[in-house]
Each structure stands twice: as structure tokens, then as C-alpha cells.
Amino acid sequence: MRLQTIKNKLLGLVVPILLLVAWDFVTRRELFSAQLLPPPKMLFETWWDMQTSGELALNMKISLLRVAAGFSLGALLGFSTGVAMGTWKTVDNYLGPLFNGMRQVPVVGWLPFLVLWLGIGETFKIAFISLGALVPMALKTYEGIAAVSPSFLEVARVFEFGRFRQLTRIVLPSALPSILVGLRLSLSEAWMLVVGAELVAASAGIGNTMTVARRLFQTDVVLVSVIVIALTGFVMDKLLGQIEGQFLTWRKTFDPR
Amino acid sequence: MEEDVPLKPEEEGMEKQGTLRVNNLNKHFRSSSQDVKVLDDINLTVQPGEFISIVGQSGCGKTTFLRLVVGLESNYQGEILLDDKRLNGPDLKRGVVFQDHRLLPWLTVEKNVGLGLKNARNEETRRSVQEHIELVGLKGYEKHYPHQLSGGMSQRAAIARALVNRPKILMLDEPLGALDALTRMYMHQELERIWKQEGITMIMVTHDVDEAIFLSDRIVIMSSRPGTIKKIIPVKLARPRDRAGADFLRIKEEVLKEFHLHTETPFSYSI
Amino acid sequence: MNIALQLAGFIRRRYHGVITFLVLIGVWTALTHLRVVSAEQLPAPEVIVTTFLQNLKSGLLGDSLLSSLVRIAKGFCIGCSLGFLLGAAMGVSQTAERLFAPLTNALRQVPIIGWIPLIIVWCGIADLSKIAFIAIGAFFPMVFNTFEGIRSVPRNYLEVARVFQFGRLKLLRKIVVPGALPSIVTGIRLSLGTSWMLVVWSEINTRSDLGIGDMLWSAREGGRMDLVIVCIIVIGVVAFLINELLGHLEAYLQGWKKTYR
């Protein structure tokens, strides 16, 4: 059986290796200018330069800080909104339509207003990211709470649980899988929006690095940045996935959906 | 409509300890298109410490009746009194074991059993929880999660959870319905043992006639549409009861007759 | 008469939303008329309406919207069909999955917006780059959902096909495609929704040609907040329509899917 798994893994490497070889071939023969398609070796060198000069680390740190701030704020607000709408029918009735209406507009749309009211500094970026992170979190929290099995709610009634106890000991644990999915969606949205915001309102950060490089046609820098962004996103998602696994050991046979 | 069993003189003093009186209970189910009478003039008194089974076919309203007594449904006509006090929603004095055990999947057996206890941290409650876990025969499984238990074990945990609050009466809604036949027979013995040990009033809804005869002091037979009490059959056999015994089979014949059914080997007296 | 009753019922059930909306408009009007907020920061509701009608009549709104929609159509078609093909190939063939999944998953990690600078370098700032960008955005949800849909067809039904000796084509037609269809429609919905968002992003980043995103940004630069709001509303309405229409299609298919499972 292990042989099969090894074979599978190798198969997965076939396409990337083919592409790598083709890439190398094409650049060696200079079928495309180095500006358009930098050779792999150059990519590695550029990455090395960016790494050692500290440029990469600095910009990544700035972007990550923004993500952290925006994500935390957005996820918290989203969670609260979701809980409020899921727990009190009145809130859901009045706030729900408004929320659903506003969330139809892709976060991009709010850029002009945010820029107008908050300028193009840090506040604007963090507000923008929070706005985007808020929505998936609110939706998933709401979904999770709405899906709590009535059977369990009856258990709460039978054991004379008060509103608060019902929320903390039954509703939220039951909604936890959904909430954690919301957290991951929120984070990936935040990560995307950091890059987006930095493309639009230039200042330091990895998005800015890309914009500057683009204007100077430094394709190698842009490519390296793209790879770094992808890797970071992947790592963050994996980490969150690990945390999710820790919390949900009880989930083996229970699926509220 | 049946008369209930008159009080024995020596039991009168104990009346306070979990006597359930149901007087003229009626319940309708109203939807936009129909008005169905689910329960029709139910009268029943359950003495403290009794084991009552309610037997009937699916849809006869026995589960509705049970849910009314537990307090999960309201909106009825008539009276339901526990120790002469009207019901007002669910409370811990009336415990319930559901057919689907409804253990919270994210809590251990321990935490599940202690769910209803107000102060789950102090020594006393912890001891009580442990006692009840052992009572239902789940010693050693305190830290297990529900998904690690079998159906029978989960149901036992649910029973412990209901009992740990020392309710006056315990309602069981087809508690063994989800278990296989062999586990069910084993659970019959367990239920009887627990009942004897705790001395608690139990009202069980079931469609399994053997189960009812094995466990109950009295069997309440409900007919369906509308749900009403057809007959109450006392079961005055010594415990533990022999499923193949003559008396057992006689009572079984009596019960099945009410449903126009017969046992495979009809038993008749010859004097 | 029946319609009036239905409408009355609808209003009775959903009146909360209407109330919130009216309150919002009320507060908004109050804020602007009482000069709590300056007209530059937040234009009054009536101004929005006038601007909307103005731009509608002049054709600017219509043209911009059309340009954007045409872009989406092109990008979406390319991305969606490619995504479908790859997803279907990977779903049907384990070998294909093993070959392409790692690379696809790796590429998927790039937040879509991160592709913009690279695409601009490779494709310039004309229409091509916008369409390429949208195509990429539409590609990934489609691959994933098609793959998921095909893989989620219960094994039991595949065995039925074997027992009745279905040929490959019949298997696909009668069992796999119907089974995967709801997921595929979800993929289309997500793809289209993403496309709409991406067209705005790409227009903002490559300020060339007409487009709703371009209009949005130009309005901002010109300080015309009223026009900005008009654009936002238009963007939101289109996004809503996409979700609603495809959502209903999805729900219709899901309903059947519940019994299918």
C-alpha cells in the first residue's frame, strides 16, 4: 500500500516538474524577454536578495500586522452580529434585511467612502479589512446558531437552563464547527483584502512591493511576492485548521448539518 | 375511560412524594386546514414509586401525553398536577429520558450527567454524579465522549443524567426503541434494577408489550385517534418476571386483545 | 384579488425590513438636511435619485454597466468552462486528480487579488488583462465545485450502474451528471459572483475603458459622492440578482437532491 501512496505523490509532481522544465527551456532560448518571464534561477536570486536585504521581512510584517488587526476586529464584530441575529428574533427581523442588503455589495464598493472618511492611512486599511472579514464570520455564526438541533434545545428546557446558560453550553458548542469555518473564511478574506488595499492605497506592505515592482516591470519581484503571499496564506489557513481540529475532537460522528 | 386505582390506606401519607394526577386532559392540534383532537379526556393518577407503562400504536398521542406532562408542550384543556400543584413548563422535578439519548456530543459522560446540576464543581455534586454513573453501570466511562459509546451505553448515561437531579417522577419516551433486541432485553433488567434502587416513580411510553409487562405495575392502554385511555391493566406479578410464565402470557394476551391481536400460542385456562 | 392577498401576506411577514429601510432613509435625510454631515461627505437621498436618473438618461450608466457585463461574460465563460473541464476530468479520473490536484491547490492559495500586478505586467492594462483576471477568478471555484460534485455522488448509485451494466456514457448521463449538478450550479453561482467583484477590482486597478468600477473610481476622484453611491447601489443590485437567480436554481436542484441522497 505504501508503494501506492508514493506513486501517487510522485504523480502529483509530474505536472509541476514538466512546467518547471518548460519554463527553464523557454527562458534559456530567450523566447520571451526576461522582463516578461524571468528564468527560475533569477527568481531564486531575487528572492534571496529580498530576503537578505530585509525588504521582504519588513513588508510582510507590515502586511501581517494589518491582517491581524483587521481580522481580529472584523471577526469579533462579525461574531457578535451573528450571535445577536441568531439569538434574538427581533434583532434578526430588523437588522437582518439591512445586513443582507449591505453584504450584497462587494467590499470593493465601499472603498471610495472609506477613503473619503478615513483617508488612505492605516485606519482606512484596517477598517476596510474588518469590513470584509466581518461578513463571512457573521453569516457562518448565524448559520451555526440557526442550525442548533431543537432536540438539544429541549434538553436545555428540561434542565431549566437560563438564556445565558443555554447560549454558552448548548448553542455555541453546537454552532462551533460552523463558527470555525467562518473564522477561516474570514481570515482568507482578510488576507486577500490586505493585498487589495495595499494595491490601491500605496504605502508599505507586500501589496505595495508588488505595485512598485510592476511599474518598474520587475516581473521577478512580482512573482516572488505572489509566491510569498500564497505561501503565507496557506500556512495561516493550515494553522487555523489545526486549531479547529483541536477544538472539534468530539465531532467524529456528530454533524449538525 | 378507566377508573384509577384507589389509594391504599398505608400509602395515603406518602401522597406528597410525587403523585401525578391528570384530570380531564384534552388536547387539540390546530392547523390552518384542520382541527384534530389528539387527546380525549385522559384521567390518570400515578402513585409514588409506581412503574407505569403507556402502550399504544404509533400516532395515538402517547408521546404527546408524555411531552405535556414533562412540560415541553402546553396549550391543553384539563389539569395536570404534580403533588397537587399545577405544572408550569419543564422543571427538574420531572425528569425525562428521550428516545434519542440527546447527550451533548461535545461533553464527556461526566459532564453530560452533571448537566442539570447547578453547582457542578463542588465535592458533593461530583460524588453524586459518580454515584449515578455507577448506578447505571457505566463506571470507568466517565471521561468518554458520546460518540465513543454504544447505543445502550448512551441511553444509560441519559438515564443517569435524568436521575442525578433527584426528580419526583421520571418520564421515559420509548427509551429503548433505538436499541437492538438483545440490548433491549439487557436494559430491561437494568431499568428494573435502577428503579428498585432509586424508588422513583417511572412513566414509560412504549409499543413493546413484553417490555411493558416485564417492568410495570400497571399498563395503560391507549387507543388512537383520538388518543384516549382504553383500559388500565394491573400487573400484580412478583419480580423479576418470567417472560415465558403462564401469568405473563395471560396478561400479554389480555393486552394484545385490546389491539385485536393474539399471541402465537393462545393460552386458555382449564379449571 | 389573490395577488393582493399574497402581497399583504408578504408585507405582514417582512415588514421589519421595510421599517428598517425607512428608518435608515429617514436618518440619512435628517443628517444631510440638518447639515450634521457635509454634502461632500454624504449626499442627501434625493440627490442620489436625481443623479441616478441623470446618468441613466445620458446613457453613461448603461454603457459602463454594459462594458463591465461584457467583460464578465467573456472572462466568466473562459474561466468557467476551463474550470469545469478540469474539475470534471479530475472528478472522473483518479489519475487526473493525482496529476493536477497538487498544482491546482497550490495556485488556489494565491488570494485572487494578488494576481493583479502579475497580470498587468503580462497583459497590460487593456481589456485583455481584465478578462484574464476574471477568468482566473472564475476558474477556481468551478474546478473545486465540479470536482466535489462528481466525487460526492454516492458509491451506492455507482454500484447500481455496474449491476445494470451501464456503459461509460450512460453512467455519466444518468447518474454522475444529475448527481453532480447541484454542486456544479453552486460553482457557477460562486464563479459568477466572484467575477462581478473582480471586474470592479480590475477596473479600479487598470483605469482604462468604460466600466462600472472605473465609473466608481472616477466619481470618487471627482468628489462626486452621489455618483459613487449610485454606482455602489448598481453594483450591489447586480450582485444580488446573480445570487438570487442562481440561488433559486440551486435550491430547486437541491430539493430534488435531498431525496436523491
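How each quantity is defined
Residues numbered from 1 in each chain as written. Chains lettered and ligands numbered in written order. Predicted model: local features only at pLDDT ≥ 70, side-chain atom pairs only at ≥ 80, totals over all residues. Helix = DSSP H or I, 4+ residues; strand = E, 2+ residues; numbered from the N terminus. Buried ≥ 20, exposed ≤ 12 C-beta atoms within 10 Å, placed from the backbone. Contact = placed C-beta atoms within 7 Å. pLDDT = per-residue confidence, 0-100. Nonpolar A, V, L, I, M, F, W, Y, C, P; charged D, E, K, R; others polar. Pairing = 2+ DSSP bridges. Core = buried A, V, L, I, M, F, W, Y, C linked by C-beta atoms within 7 Å. Axes fitted to C-alpha atoms, helices over the stretch in contact; angles between N-to-C directions. Parallel < 35°, antiparallel > 145°, perpendicular 65-115°, else oblique. Left-handed = near helix turned anticlockwise from the far one by under 90°.

1. Considering the overall build of chain A
Step number 1: Along its length, chain A carries 10 helices and 0 strands.
Step number 2: The order of α-helices and β-strands along chain A, N terminus first, is α-α-α-α-α-α-α-α-α-α.
Step number 3: Residues classed as buried in chain A amount to 39% of the 257 residues present.
Step number 4: Residue pairs in contact within chain A that sit at least 24 positions apart in sequence constitute 75% of those at least 6 positions apart.

2. Concerning the confidence of the model for chain A
Step number 1: In the predicted model, chain A carries a mean pLDDT of 86, and 96% of its residues have values of at least 70.
Step number 2: Every residue in residues 253-257 of chain A scores below 50 in pLDDT, and together they form 9 contacts with partners more than four places removed in sequence or on other chains.

3. Observations regarding unusual backbone geometry
Step number 1: Of note, the amide linkage connecting Arg-239 of chain B to Pro-240 of chain B takes the cis form, showing an omega dihedral of -5°.
Step number 2: If you trace the backbone, Pro-240 of chain B turns up in the loop between β10 (228-234) and α7 (246-258).
Step number 3: Despite not being glycine, Phe-217 of chain A has its phi angle at roughly 60°, a positive value.
Step number 4: By the secondary structure assignment, Phe-217 of chain A is in the loop between α9 (206-215) and α10 (219-247).
Step number 5: Even without a glycine there, the phi angle at Asp-84 of chain B is positive, about 65°.
Step number 6: For Asp-84 of chain B, the position within the fold is in the loop between β4 (77-82) and β5 (85-86).

4. Notes on helix α9 (residues 212-221) of chain C
All names here are of chain C.
Step number 1: Of all 10 residues in α9, 7 are buried; the element is thus mostly enclosed.
Step number 2: All buried positions along α9 are accounted for by Ile-212, Gly-213, Asp-214, Met-215, Leu-216, Trp-217 and Ala-219.
Step number 3: Just past α9, the residue Gly-223 takes up positive phi, approximately 70°.

5. Looking at the interface of chain B and chain A
Step number 1: On the side of chain A, 14 residues touch chain B, which itself brings 15 residues to the contact.
Step number 2: When grouped by side-chain class, the residues that make up the side of chain B that touches chain A number 10 nonpolar, 2 polar and 3 charged.

6. Focus on the pairing of strand β2 (residues 35-46) of chain B
A regular strand places its side chains on the two faces of the sheet in alternate fashion.
All names here are of chain B.
Step number 1: As defined by bridge partners, strand β1 (residues 20-30) adjoins β2 across 8 bridges and the pair is classed as antiparallel. Across the sheet, the residue bridging to Arg-21 is Thr-45, located in β2.
Step number 2: Between β1 and β2, which follow one another and run antiparallel, lie 4 residues.

7. A few points about the nonpolar core
Here is a general trend for soluble globular proteins: nonpolar side chains tend to be buried in one another's company.
Step number 1: By size, the foremost hydrophobic cluster in this structure holds 188 residues, and its most contacted members are Ile-129 of chain A together with Cys-231 of chain C.
Step number 2: Looking at this core, the element that brings in the most residues is helix α8 (residues 163-200) of chain A, giving 16 residues.
Step number 3: Residues within four places of Ile-129 of chain A in sequence aside, it is in contact with Arg-66, Val-67, Gly-70, Phe-71, Gly-74, Ala-190, Leu-193, Val-194 and Ala-197 of chain A.

8. Some words on the pairing of strand β9 (residues 218-223) of chain B
Residue and element names in this part refer to chain B.
Step number 1: Most of β9 is tucked away, with 5 of its 6 residues classed as buried.
Step number 2: Here strand β3 (residues 51-55) runs beside β9; their pairing, made up of 4 bridges, is parallel. Counterpart to Ser-53 in the pairing with β9 is Ile-219.
Step number 3: Summarising the sheet, β9 and β10 pair through 6 bridges and their orientation is antiparallel. Bridge assignment links Met-222 to a residue of β10, and that residue is Ile-229.
Step number 4: Hairpin remark: β9 followed by β10, antiparallel, with 4 residues in the connecting loop; positive phi at Arg-225, about 45°.

9. Quick look at the sheet that holds β1 of chain B
Residue and element names in this part refer to chain B.
Step number 1: Taken in spatial order, the 4 strands of this open sheet run β2-β1-β4-β5, and their pairing is antiparallel. The two strands at the open ends of the sheet, each matched to only one other strand, are β2 and β5.
Step number 2: Running at roughly 65° to β2, helix α1 (residues 62-70) makes contact with β1, β2 and β4 of the sheet.

10. A short note on the arrangement of the chains
Step number 1: Between all 2 pairs of chains that are in contact, chains A and C come out with the most contacts.
Step number 2: Regarding chain B and chain C, the two do not touch, and the least distance separating their C-alpha atoms is 15 Å.

11. Comments concerning the packing of α10 of chain A against helix α5 (residues 115-123) of chain C
Step number 1: The interhelical angle for the contact between α10 of chain A and α5 of chain C, taken along N-to-C directions, is 150°, at an axis separation of 9 Å. Looking at the two axes, α10 of chain A sits roughly antiparallel to α5 of chain C. Where α10 of chain A crosses over α5 of chain C, the two elements pack in a sense that is left-handed. Of the residues in α5 of chain C, those in contact with Thr-219, Val-222, Leu-223 and Val-226 of chain A of α10 of chain A are Pro-117, Leu-118 and Val-121 of chain C.

12. A few points about the sheet that holds β10 of chain B
Residues and elements named next belong to chain B.
Step number 1: Pairing within the open sheet is mixed, and its 6 strands lie in the order β6-β7-β8-β3-β9-β10. If you trace the sheet from one side to the other, it starts and ends with β6 (94-97) and β10, each paired once. Here the strands of the sheet are splayed against their neighbours by 20° on average, with no regard to which way each runs.
Step number 2: Contacts from α1 reach β3, β6, β7 (169-173), β8 (201-206) and β9 within the one sheet, and its direction differs from that of β7 by about 150°.

13. As for the packing of helix α5 (residues 111-118) of chain A against helix α6 (residues 122-146) of chain A
Residue and element names in this part refer to chain A.
Step number 1: Running from N to C, α5 and α6 cross one another at 145°; their axes reach a closest spacing of 9 Å. Considering the relative orientation of α5 and α6, their crossing is right-handed. Where α5 approaches α6, its residues Leu-111, Leu-114, Val-115 and Leu-118 are matched on the opposing element by Thr-123, Phe-124, Ala-127 and Phe-128.
Step number 2: Classifying every residue of the contact of α5 with α6 by side-chain character gives 7 nonpolar, 1 polar and no charged.

14. Things to note about the interface of chain C and chain A
Step number 1: Contact residues are listed per partner, giving 38 residues for chain C and 39 residues for chain A.
Step number 2: Elements with a contribution of two residues or more to the side of chain C that touches chain A: α1 (2-33), α4 (94-108), α5, α8 (168-205), α9 and α10 (225-260) of chain C.
Step number 3: Ranked by residues supplied to the side of chain C that touches chain A, first place goes to α10 of chain C with 7 residues.
Step number 4: Counted by class, the side of chain C that touches chain A contains 28 nonpolar, 8 polar and 2 charged residues.

15. Section: the environment of Ser-128 of chain B
Step number 1: Position of Ser-128 of chain B among the secondary structure elements: in helix α3 (residues 123-135).
Step number 2: Taking the C-alpha atoms as reference points, Ser-128 of chain B and Val-55 of chain B, 73 residues apart in sequence, are found 33 Å from one another.

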